[in-house]
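Tertiary structure, described
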Amino acid sequence: MSNGEGGGIGRFIKESALWRSLFRQPYPNTSRTRALAVMNNVFLHLHPVRVKRHAVRYTYTFCLGGISFFLFLSLTVTGVYLMFFYVPSVSRAYQDIQAIEASVAFGTLVRNMHRWAAHLMVLTVFLHMIRVFYHGPTSRPVSSTGWSG
Amino acid sequence: MISDTAIPLRFQTAEVGVDWLQCNIECQEGCPVNTNCRGYLMLAAEGRFEEGYILARDPNPVAAICGYVCSAPCEKACRRADIDKPLAIRAMKRFLVDWHYANNMPDNVVVQAPTGRNVAVIGAGPAGLAAAKELGGWGHEVHVYEALPSGGGTTLIGVPAFRLPRDVIELDVNWVAKHGVQFHYNVEIGRDITLEQLREKHDAVVVAAGCMYPVAMNTPGEELDGVIYGVDFLKRANLGQPQPVGEHVVIIGGGYTAMDSSRTALRLGAKTSTIVYRRGPDEMVVDEEEQHETRFEGVRFEYFSSPVEVLGDERGKVNGITFVRTRLGPPDQSGRRSAETIPGSEYTVPCDMVIPCTSQASDNNVLGEFGAKLNRHVGVTDTRTIVDGGSLSSWRTAPLNGTTPTDAQGNSLNDLEFEFNRGNVTINADTFGTNVDGIFAVGDFVTGPATIIEAAGLGRRAARSVDRWLAGLRGEELEELPVINRAVITQSLEHDMPRFYEATERQEIPMAPPELRRDFTSLVEVGYDTRGAITEGTRCLQCNHNINIDGPRCILCGLCADVCPEGVIYMIDKAQVGGDDPEQGFFQSWPRGIAMIIDEERCIRCNLCVERCPTNCITMDRLELERFTPDGKVLLESYKDNVLGQVGQQAGAAVDR
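Along every chain, residues carry numbers that run from 1 in the direction the sequence is written. Labels are handed out in written order, letters beginning with A for the chains and numbers beginning with 1 for the ligands. Predicted model: local features are reported for residues with pLDDT of at least 70 only, side-chain atom pairs are reported and counted for 80 or more only, and whole-chain, interface and lining totals are derived from all residues. Hydrogens are left out, water is left out, and the side-chain values use all remaining heavy atoms of the structure.

**What to know about the overall build of chain B**
Secondary structure is summarised from DSSP: a helix means a run of H or I of at least four residues, a strand means a run of E of at least two, and numbering begins at the N terminus for each. From N to C terminus, chain B includes 23 helices and 25 strands. Against the 2.2 N^0.38 benchmark of 26 Å for 657 residues, chain B shows a C-alpha radius of gyration of 28 Å, consistent with a compact globule. When the backbone C-alpha atoms are referred to their principal axes, chain B occupies close to 85 × 60 × 55 Å. Exposure classes here rest on a 1.4 Å probe applied to the protein chains alone. A residue is buried below 20% of its type maximum, exposed above 50%, and partly exposed in between. Across the 657 residues that make up chain B, the buried fraction comes to 56%. Contacts between residues were defined by any pair of non-hydrogen atoms, one from each residue, lying within 4.5 Å. Within chain B, contacts between residues at least 6 apart in sequence are counted, and of these 73% link residues at least 24 apart. Total accessible area computed for chain B in this model is approximately 27,200 Å², and 51% of it derives from carbon and sulfur atoms. His residues and chain termini do not enter the charge count, which takes Lys and Arg as positive and Asp and Glu as negative. Taken as the charge centre is NZ of Lys, CZ of Arg, CG of Asp or CD of Glu, depending on the residue. Across chain B, the centroid of the 62 positively charged side chains sits 3 Å from that of the 92 negatively charged ones. In this treatment the radius of gyration is a C-alpha quantity, and the globule benchmark scales as 2.2 Å times the residue count to the 0.38 power. Method for areas: the Shrake-Rupley scheme with a 1.4 Å probe, in which residue coverage is limited to the protein chains shown.

This is how it looks when you write it as structure tokens:
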């Protein structure tokens, strides 16, 4: 049944002390029980129970900040890996690049990831700054968000 | 930056006082007798049916009748309608009343010591019964005079037995009789005894004679054999007198009388029954459930048609009726849209019986010759002499207008003169007094056709006024009713609601299948069983509880607004809030600020905001109120469920936390 009541054995299990201590609230199928589920969950309670519908729309941010951050992370990871094989000096740079392409494990892949992430990040950060500028979050009370990016 | 001056004022602050908290209990405020419906719903949810019955019965002398056929203004006011559907408050009352009488529970009758005053009440309908019960309970000697052979008034002759069993009416009459009220049946005022004679015998007279007399349709052919007015038709059928029906019946009108007449005609043997109404289904007075039941039984509906002429054959019998099509025009004074006829759209329906249920008027013959001249109805039915009908409407007796009894010298025994307004006697709206000192008028007799519970509510108010008049109050003293509020507001951080209360849907009221409905006395509505009643009771949102934010302790964190599942709490700029209370000046002197808005309309009392608040500044406040006059007459109460239930704010056995 929709309100979680069962007959016979199902009801016996669901009314037992063990079940009720594991599942403290009923199945979240109404707005009240959904709010309870978020509020009483150790992970979910960090989030707001409700957000405005327009705030979760894709076209509000186009995920530009998140994409930039993701690209930055992949730049860092691939960069650290490449640092083991690449010495930025005039005498060694060309040979190191040749070696990464030819003999380092996953070298071609990692180098290409690093290169494309760098190019894309320039683009997404540029678009992200335009987006932020036009939404204008530099006035209070969200100015700290605006300046931090 | 958004400038503050551009934000329009949207909210006015109000003082959170007893009156505001009480007016949030909208079912009780909607009920003309202020029944504590919320209280008995909570008690029913706990399985305390007898306690629930006490709450339903105390303010309402026609509780049993209302359980079956009330128009239920409480359900129209119910705040659960904003969430899903309102509670079935009327059906719940019926269950409680049935429970009480099925288990032979003793009635709790409170009667005060005799005052030595006596009052006559004319009419044993809802208004008369309500006035008689109140006055009898306060120690006055009350005599009720009734023209019919038993009590009930409109509910007896106007509501058919398949909707309201006759023994249910008897329960209410007996309950009133237990308050020391004496009933005199088959006494017609203005014929057997005059009002002036009654006034000499009694200290005060309350006229609650109802308005069950038909007003002429003003259509050519209405004198033909086969035209019978709906109220007369129902009266005769309900009193068990022989009433032949035609094969094809046409009913004109869109009120409760039309619905009842059409269903009665089918049960008496008519092959087809058609209701013709000049407006559309949405403009009908009758609610949707009633329309559905009527249609379900096979009654046909024809909308947007107005009668032009009743057609007859050479023997003077009806053989058809001509209608003209209408369309909706602009709203009239009553706010309903008027019906404009469309010329040239006439059509004829063959039929052999026409039942007009268009309008009803009071019989002012009760008030004497002077009033009888102003009667708007076509004539009074003689209920004592049964005329066997060879024809369909031959039994209608001549109008009894102006037949005031005379003494041996031929002098009229009633020389009282009243003020009238459009065929109804004029009364003072506060005191219910007519221009003749000591004679009060109330109910449908004054207002025209209304509902049972409205009439009972007026009867109750009139009794209060009569009681104060008997105590010697006159003039302004009588008009102004002093009121004392005794209120307790309990603040709590704990509040539990019954299990699944917000997910449970409105329980269907069990109805009899159509094949069991052909009998005139077989009940259509079966009513709730115990499980259905308890389940429906748990749906109540307990509007005597309100959340309250303690301003000085609030840190404006917004967690309550975040957690509220119904969006009841939200924060707005202070520029949108105005008001004239002293705290507003201080608040408005701030350069900027936030106001917390509580939209009580949708609160489901889930207590999540109270639990979420980090500073414990939100509490769930429970109101317990008793409102009474200085001489101890209770006007309304919304606390007894807490006393009788003995569990404070928790209803229902299982709690889902």
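**Focus on the overall build of chain A**
The number of helices and strands found in chain A is eight helices and zero strands. What you see in chain A, going N to C, is helices and strands ordered as α-α-α-α-α-α-α-α. By residue count, 22% of the 149 residues in chain A fall in the buried class. Here the contacts in chain A between residues at least 6 apart in sequence split such that 45% fall between residues at least 24 apart. Carbon and sulfur atoms make up 69% of the accessible area of chain A, which totals about 11,400 Å².

**Concerning helix H14 (residues 288–296) of chain B**
Residue and element names in this part refer to chain B. Among all positions of H14, only Glu290, Gln291, Glu293 and Thr294 are buried. Projected down its long axis, H14 carries its buried residues within an arc of 160°, all on one side. Packed against the buried residues of H14 are helix H13 (256–267), strand S8 (272–276) and strand S9 (300–302). Here the arc refers to the directions that run from the helix axis out to each C-beta atom.

**So, the sheet that holds strand S18 (residues 439–441) of chain B**
Residue and element names in this part refer to chain B. Strand order in the open sheet made by the five strands is S4-S3-S2-S5-S18, with parallel pairing throughout. Since the sheet does not close on itself, it has two edges, and those belong to strand S4 (181–184) and S18, each with one partner. Here the average twist between neighbouring strands, direction ignored, is 20°. Sheet analysis places strand S2 (residues 118–122) next to strand S5 (residues 204–207), joined by four bridges and oriented parallel. From the neighbouring strand, isoleucine 122 faces S5, where its bridge partner is valine 207. Whether two strands pair comes down to DSSP finding at least two bridges between them. Here, axes are lines fitted to C-alpha atoms. For helices the fit covers the stretch in contact, and angles between N-to-C directions go from 0 to 180 degrees.

**Overview of the interface of chain A and chain B**
The interface of chain A with chain B comprises 17 residues on the first partner and 20 residues on the second. A pairing counts as a salt bridge when a side-chain nitrogen of Lys or Arg comes within 4 Å of a carboxyl oxygen of Asp or Glu. Our count for the contact surface shared by chain A and chain B stands at two salt bridges. Tallying contributions element by element places helix H3 (residues 31–40) of chain A first for the side of chain A that touches chain B, with six residues. Lys, Arg, Asp and Glu make up the charged group, whereas Ala, Val, Leu, Ile, Met, Phe, Trp, Tyr, Cys and Pro make up the nonpolar group; the residues left over, Gly among them, are polar. When grouped by side-chain class, the residues that make up the side of chain A that touches chain B number six nonpolar, five polar and six charged.

**Quick notes on the environment of B:Gly298**
Residue and element names in this part refer to chain B. When you line up the elements, glycine 298 lands in the loop between H14 and S9. A residue is classified by how much of its surface remains accessible, and glycine 298, at 44% relative accessible area, is partly exposed. Setting aside chain neighbours within four positions, we find glycine 298 in contact with Leu266 and Ser273.

**Points about the packing of H13(B) against H14(B)**
All names here are of chain B. Relative to each other, H13 and H14 sit at 20°, their axes nearing to 10 Å. Our classification of the angle between H13 and H14 gives roughly parallel. Judged by the sense of rotation from one axis to the other, the crossing of H13 with H14 is left-handed. On the side of H13, the interface is formed by Tyr256, Met259, Asp260, Ser262 and Arg263, while H14 contributes Glu290, Glu293 and Thr294. Broken down by class, the residue content of the contact of H13 with H14 amounts to two nonpolar, two polar and four charged. Comment on the angle field: the value is read as roughly parallel under 35 degrees, roughly antiparallel over 145, roughly perpendicular from 65 to 115, and oblique elsewhere. In a left-handed crossing the near helix is turned counterclockwise from the far helix by less than a right angle, and in a right-handed crossing that turn is clockwise.

**Some details on the side chain of B:Arg627**
Structurally, B:Arg627 can be placed in strand S24 (residues 618–628). Not counting chain neighbours up to four residues away, the residues in contact with B:Arg627 comprise B:Asp19, B:Gln22, B:Val483, B:Ile484, B:Asn485, B:Lys633, B:Val634, B:Leu635 and B:Leu636.

**Concerning the pattern of salt bridges**
Residue and element names in this part refer to chain B. Counted according to the given criterion, the structure contains 40 salt bridges over all chains. Here glutamate 290 makes a salt bridge to arginine 263, at a shortest N to O gap of 2.9 Å. One end of the pair, glutamate 290, is in helix H14; the other, arginine 263, is in helix H13, with 27 residues separating them in the sequence. Residue glutamate 290 shares its accessibility class with arginine 263, and that shared class is buried. Here the salt bridges share partners, and the residues they tie into one network are Arg163, Asp260, Arg263, Arg267, Glu290, Glu293, Glu297 and Arg517.

**Some points on the packing of aromatic side chains**
The criterion for an aromatic pair is that two Phe, Tyr or Trp rings (for Trp, the six-membered ring) have centres within 6.5 Å, with stacked assigned to planes under 30 degrees apart, edge-to-face to planes over 60 apart and tilted to the rest. Following the criterion strictly, the structure yields 14 aromatic pairs over all chains and no others. A centroid spacing of 5.6 Å and a plane angle of 70° characterise the contact between A:Phe133 and A:Tyr134, whose relative ring orientation is edge-to-face. A residue is classified by how much of its surface remains accessible, and A:Phe133, at 63% relative accessible area, is exposed. Ring centres of B:Phe162 and B:Phe520 lie 6.0 Å apart, and the angle between their planes is 75°; on these two criteria the pair is classed as edge-to-face. A residue pair is termed long-range when its members are at least 10 positions apart, and B:Phe162 in the loop between helix H9 (154–157) and helix H10 (166–177) and B:Phe520 in the loop between strand S19 (484–492) and helix H19 (530–537) qualify at 358 residues. B:Phe520 shares its class with B:Phe162; the two are buried. Through a chain of ring-to-ring contacts, the aromatic side chains of A:Tyr81, A:Phe84 and A:Phe85 assemble into a single cluster. The criterion for a charge sitting over a ring is simple: Lys NZ or Arg CZ within 6 Å of the ring centre, and within 35 degrees of the ring normal. Between the NZ or CZ atom of B:Arg267 and the centre of the ring of B:Phe162, over which it lies, the distance is 3.5 Å.

**Remarks on the confidence of the model for chain B**
Residues and elements named next belong to chain B. The predictor attaches a confidence to each residue, and that confidence, scored 0 to 100, is pLDDT. Of the residues in chain B, 92% have a pLDDT of 70 or more, and the chain-wide mean is 87. When the criterion is pLDDT under 50, residues 389–399 qualifies, and its contacts beyond four places in sequence or with other chains add up to 36 contacts. In the model, residues 648–657 has pLDDT below 50 throughout and makes 39 contacts with residues more than four positions away in sequence or in other chains. Note on the complex model: pTM 0.85, ipTM 0.71.

**Describing a nonpolar patch on the surface**
A surface patch of nonpolar side chains, about 920 Å² in accessible area, is lined by A:Trp116, A:Leu120, A:Leu123, A:Phe126, A:Leu127, A:Ile130, A:Phe133 and A:Tyr134. You can call A:Phe126 exposed: its relative accessible area is 53%. Patch criteria: residues need more than 30% relative accessible area and no salt bridge. Like-charged residues are merged within 9 Å; nonpolar side chains of Val, Leu, Ile, Met, Phe, Trp and Tyr are merged within 5 Å.

**Some thoughts on a negative patch on the surface**
Residue and element names in this part refer to chain B. There is a patch of like negative charges on the surface, built from Glu15, Asp580, Asp581 and Glu583. Within the secondary structure, glutamate 583 sits in helix H21 (residues 582–588). Given the relative accessible area of 64%, glutamate 583 is considered exposed.

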